[in-house]
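Residue strings, one per chain:
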Amino acid sequence: MCGIVGYTGSSSAVPVLLSGLKRLEYRGYDSAGIAVNTGGSLQMVKASGHLEHLMERLKSTPLSGTSGIGHTRWATHGAPTDINAHPHMSNDGQFAVVHNGIIENYAQLREELTENGFQFSSETDTEVIVHLLEYYDQGDPKVAVMKAASRLEGSYALGVVCARFPDTLYTARLSSPLILGVGIGESFFASDVTALVRHTKNVIYMEDGEFACITPRGIEVFDSTGAPIRKTVSRVAWDVEAAEKGGYDHFMLKEIMEQPRALKLTIEPRIRDGRIVLDEFESFRAQLPNIRKVVITACGSAYHAGCVGRYVIEQLCRIPVEAELASELRYRNPIIDSSTLLIVVSQSGETADTIAALKECKARGATVLAVVNVVGSTIAKLADYVLYTWAGPEIAVATTKGYTTQVAVLDLFAVWAAEALGTISAQSCADYVKQLLSLPERAQRAIDLNPGIPALARQYKAADAMFFIGRNIDYAICLEGSLKLKEISYIHSEAYAAGELKHGTIALIDEGRLVVALACQEALFDKMMSNVREVKARGAQVLAAALEGNRRILSQADDVLYIPDTDPLFLAIPEIIPLQLFAYYMARENGCDIDKPKNLAKSVTVE
Ligand code: AGP
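Summarised in this report is the structure supplied together with it. Residue numbers here run from 1 along each chain, matching the order of that chain's written sequence. In view of the model being predicted, local features appear only for residues whose pLDDT reaches at least 70, and side-chain atom pairs are presented and counted only at 80 or more, with totals across whole chains, interfaces and linings using the full set of residues. Just so you know, side-chain values use all the structure's heavy atoms and leave hydrogens and water out.

1. As for the packing of aromatic side chains
Selection rule: Each Phe, Tyr or Trp ring (for Trp, its six-membered ring) is paired with any other whose centre lies within 6.5 Å, and the angle between the two planes then decides the class: stacked below 30 degrees, edge-to-face above 60, tilted in between. Throughout, exposure labels follow a simple rule: accessible area from a 1.4 Å probe, protein chains only, divided by the maximum for the residue type, with under 20% read as buried, over 50% as exposed, and the rest as partly exposed. For a ring to carry a charge above it, either NZ of a lysine or CZ of an arginine must fall within 6 Å of the ring centroid while also lying within 35 degrees of the normal to the ring plane.
This structure, assessed with the given rule, holds 13 aromatic pairs. Geometrically, the ring pair formed by Tyr388 and Trp390 is tilted, given 5.2 Å between the ring centres and 40° between the ring planes. Of the residues examined, Trp390 reaches a relative accessible area of 35% and is grouped as partly exposed. Between the aromatic rings of Tyr584 and Tyr585, the centroid separation amounts to 4.9 Å while the plane-to-plane angle is 85°, which identifies the pairing as edge-to-face. You can call Tyr585 buried: its relative accessible area is 18%. An aromatic cluster is built from Phe281, Phe284, Tyr385, Phe413 and Trp416, whose rings are joined through pairwise contacts. Directly above the aromatic system of Phe222 lies the positively charged group of Lys142, at a separation of 4.5 Å from the ring centroid. For Lys598, the ring lying beneath its charged end belongs to Tyr490, and the centroid distance is 4.4 Å.

Quick look at the structure:
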């Protein structure tokens, strides 16, 4: 996903822009560039590849100025080349633009502009924007930005500089996140808060259809007619250290270890006097009995969290719950109406397929509850209700605390809704609340119980493929454990419902094949042991997960991960953590780029 930054103030713009781009690296990119207003003219330096390439170029082409814009590009239209990198500059040199999003009507705009004599140099959709700015330029860049934006279809977070106005930046937002930073004698914009928080914690979240003029003296927000809009200045709830590695070798390991705290911050504020209180959703309580079906939709790990939530909500609330991949739901012509509660799960709040599925279901009458981690994200704004996961910034591409806090919110929702619907007794509710409050310490115990995971990774690092098998919620956890391994170690693995093995896949179990068998659902333990015996009989190596104190597993499995004893409904959180660590150490043993796995971005904002 691309990232944009902008600065205007009294300091040199280049270091501020570069540090902002560095914080956005985690979003995934393959080229970068900056443009600086050097007192009446625009200078630009761009480079494909890592930020270091851009920094090298800047050593030989220094830029001096106190305002500018920067961009990290994740190529969608056109290869990751210097020419295609942002910023893009108008033919007359008056404008430069950086853009996050996709201009869907760029082809006809490019044709129209070419017919009007504009020269294109790149293959990107973004370049049409800067030529539109020149085309509509009649003196006031504000007007040119509004007119250019009115021609665009698709999504954009735009940052614009104009040579004639050295200390002013212009922004526009539609369906791509854009946050403004309010400093003292300086102002900023960025795609997300992590690029701003070292300079200011006072931020303004732009909404779709809004524009802004940004100067060192302050920020003016206005609508597409130019009418001013009063905006609230929010205070960022975390500090710059939260977006640093904190002494860990990788953000992923840091974020795995942060999970007890992230869970505490997510769960505890929602439990008062022994009861669950969902402030953001209490107004819906009276409408709950009208809900005939819950559909949980998301992508990737967020979908896997939804698969866990499906079991828990259905078990406690006794209403039908579906968990559906957003990329499938949006094209399935689903049976969704006003009796449907759609729960949308997303760490970034910017995933294109999830946004599309949300819009599709909302249009069919569903009530939308979002579970997101990023305040002010697109999904948070589109939903009717939002339950935030207070996990703090998640930098590693592979989500860990994002996933476990999503599961925690879904667990909280399930107990809250069951109590509201009267499908559980007051005593059961109180017992569940105690279990939920204990999850942060159980997460820590799951870490403490398994110091041997690095050794397991050394033992199994040469595996070229493996299976994760489980039943019920353990199967949902297999989905996430398998994805974690795949996306950072590049080792193929499959998650399988253990009961399905005999229906085909057991044919693939051969000598030495590693099978990760999750056997924490006590009621299904004997069934799982049968599966373990089946695969062992065919030569498999079995790494099992079992509840702390389970001795029977030792006679069947080659290695065991122990999980602290937890209510079977809430096991996903302590049980996934050793699997996260296993994936992390397998990737480490194989020398993989753990925080920035190949081909992956932190948020998939394109289809
Ligand atoms: C998980 O480790 C991946 N990074 C990916 O599957 C991710 O969960 C998915 O793209 C959904 O992202 P979101 O939660 O930001 O919507």
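2. Observations regarding the pattern of salt bridges
Rules: Salt bridges are defined by distance alone: a side-chain nitrogen of Lys or Arg within 4 Å of a carboxyl oxygen of Asp or Glu. Secondary structure elements are taken from DSSP: a helix is a run of H or I of four residues or more, a strand is a run of E of two residues or more, and numbering for both begins at the N terminus.
Considering all chains together, one arrives at 35 salt bridges under this definition. For Arg272, the salt bridge is made with Asp279, and the minimal N-O distance between the two is 2.4 Å. Of the residues examined, Arg272 reaches a relative accessible area of 37% and is grouped as partly exposed. Look at Asp279 and you get partly exposed, because its relative accessible area is 48%. For Arg285, the salt bridge goes to Glu419, with nearest N and O atoms at 3.6 Å. Here Arg285, found in the loop between β16 (275–276) and β17 (293–298), pairs with Glu419, found in helix α12 (residues 401–421); they are 134 residues apart in sequence, far enough to count as distant. Residue classification places Arg285 among the partly exposed residues on the basis of a relative accessible area of 24%.

3. Quick notes on the site of the ligand
To keep things clear, this is the line we draw: Note on definitions. A residue lies near a molecule or strand when any single heavy atom of the residue is within 4 Å of it. N or O atoms closer than or at 3.5 Å make up a polar contact, with two conditions inside protein: a donor-capable atom paired with an acceptor-capable one, and, for residues adjacent in sequence, both atoms drawn from side chains. Only the protein chains shown count as cover for residues, and all accessible areas are computed by the Shrake-Rupley method using a 1.4 Å probe. In the scheme used here, Gly and all other residues not listed as nonpolar or charged are polar, with Ala, Val, Leu, Ile, Met, Phe, Trp, Tyr, Cys and Pro taken as nonpolar and Asp, Glu, Lys and Arg as charged.
Among the 14 residues in the neighbourhood of the ligand, the closest are listed as Ser346, Gln347, Ser348, Thr351 and Glu487. Val397 has a polar backbone atom sitting 2.7 Å from a nitrogen atom of the ligand. Contact between the ligand and Lys484: an oxygen atom at 2.9 Å from a side-chain N or O atom of the residue. Taking 410 Å² as the accessible area of the ligand by itself, protein coverage stands at 91%. Those elements giving two or more residues to the shell around the ligand turn out to be α8 (300–317) and α16 (473–489). Among the residues making up the shell around the ligand, the classes are represented as five nonpolar, seven polar and two charged.

4. Topic: the environment of Arg458
Checked against the element boundaries, Arg458 lands in helix α15 (residues 453–460). The exposure class assigned to Arg458 is partly exposed, which follows from its relative accessible area of 48%. Between the C-alpha atom of Arg458 and that of Ile276, which follows or precedes it by 182 residues, the distance is 43 Å.

5. So, the nonpolar core
As a reminder of what qualifies: Side-chain atoms within 4.5 Å are what join buried Ala, Val, Leu, Ile, Met, Phe, Trp, Tyr and Cys residues into a set we call a nonpolar core. We call two residues in contact when some of their heavy atoms are within 4.5 Å.
Counting 101 residues, the largest nonpolar core has Phe281, Ile343, Phe413 and Phe582 as the members making the most contacts within it. Excluding its chain neighbours within four sequence positions, the residues that come into contact with Phe281 are Leu341, Leu369, Tyr385, Leu387, Phe413 and Trp416. In terms of nonpolar packing, the next biggest core, distinct from the first, is built from 30 residues, Ala47, Leu54, Phe188 and Leu196 among them.

6. Considerations on the pairing of strand β19 (residues 340–346)
How we decide: When DSSP finds at least two bridges between two strands, those strands are taken to pair. Think of it like this: strands point away, you trace from the first strand over the helix to the second, and a clockwise trace means the crossover is right-handed.
For β19, the tally of buried residues reaches seven of seven residues, placing the bulk of the element in the interior. Here β19 shows two buried faces, one formed by Thr340, Leu342, Val344 and Ser346 and the other by Leu341, Ile343 and Val345. Note that β17 and β19 share five bridges and pair parallel. Each residue of the ladder has a partner; that of Val295, found in β19, is Leu342. Both β19 and strand β20 (residues 367–372) contribute to a ladder of six bridges, which runs parallel. Residue pairing for β20: Leu341 is matched across the bridge by Thr367. With respect to chirality, the unit in which β19 leads through helix α10 (residues 352–363) into the neighbouring parallel β20 is right-handed.

7. A word on helix α13 (residues 426–437)
Just so we agree on the cut-off: Take the residue count of a helix, subtract one, and multiply by 1.5 Å to get its expected span. Directions are taken from the helix axis to each C-beta atom, and the arc is the one they span.
Here α13 spans 17 Å end to end across twelve residues, near enough to the 16 Å set by a 1.5 Å rise per residue. Along α13, the residues that are buried comprise Cys429, Tyr432, Val433, Gln435 and Leu436. Across the axial projection of α13, the buried residues extend over an arc of 160°, all falling on one side. Opposite the buried face of α13, at more than 90 degrees from it, the exposed residues are Gln427 and Lys434. The secondary structure elements touched by the buried residues of α13 are α7 (259–267), β15 (271–272), β16, α8, α12 and α14 (439–448).

8. Considerations on the environment of Ala190
Relative to the helices and strands, Ala190 is located in strand β10 (residues 187–190). You can call Ala190 buried: its relative accessible area is 0%. Once the C-alpha coordinates of Ala190 and Leu158 are considered, the two residues, 32 residues apart in sequence, prove to be 9.8 Å apart. Here Ala190 is in contact with Ile4, Val5, Leu178, Ile179, Ala195 and Leu196, once residues within four sequence places are set aside.

9. Thoughts on the pairing of strand β12 (residues 210–215)
If a strand is regular, its side chains alternate between the two faces of the sheet. With six of six residues buried, β12 lies mostly within the body of the structure. Neither face of β12 is open: one carries Glu210, Ala212 and Ile214, the other Phe211, Cys213 and Thr215, and all of them are buried. Looking at chain direction, strand β8 (residues 169–174) and β12 are connected through five bridges and run antiparallel. The residue of β12 that forms the bridge with Tyr170 is Cys213. By the bridge criterion, five bridges tie β12 to strand β13 (residues 218–222) in an arrangement that is antiparallel. In the sheet register, Cys213 faces β13, and the bridge partner there is Glu220.

10. Focus: the sheet that holds strand β23 (residues 492–497)
This is how the line gets drawn: Each axis is a line fitted through C-alpha atoms, and for a helix only the stretch in contact is used; angles between axes span 0 to 180 degrees, taken between their N-to-C directions.
With parallel pairing, five strands are arranged side by side in an open sheet as β23-β22-β24-β25-β26. Two strands lie at the open edges of the sheet, namely β23 and β26 (559–563), each paired on one side alone. Put simply, the sheet's adjacent strands are angled 20° from each other on average, direction ignored. Where strand β25 (residues 541–547) lies against β26, five bridges are found, and the strand directions are parallel. By the bridge assignment, Leu543 is partnered in β26 with Asp559. The sheet strands contacting α16 are β22 (465–470), β23 and β24 (514–518), and the helix crosses β23 at an angle near 175°. Contacts from helix α18 (residues 572–589) reach β22, β24, β25 and β26 within the one sheet, and its direction differs from that of β26 by about 135°.

Just geometry here; none of it tells us what the structure is for.
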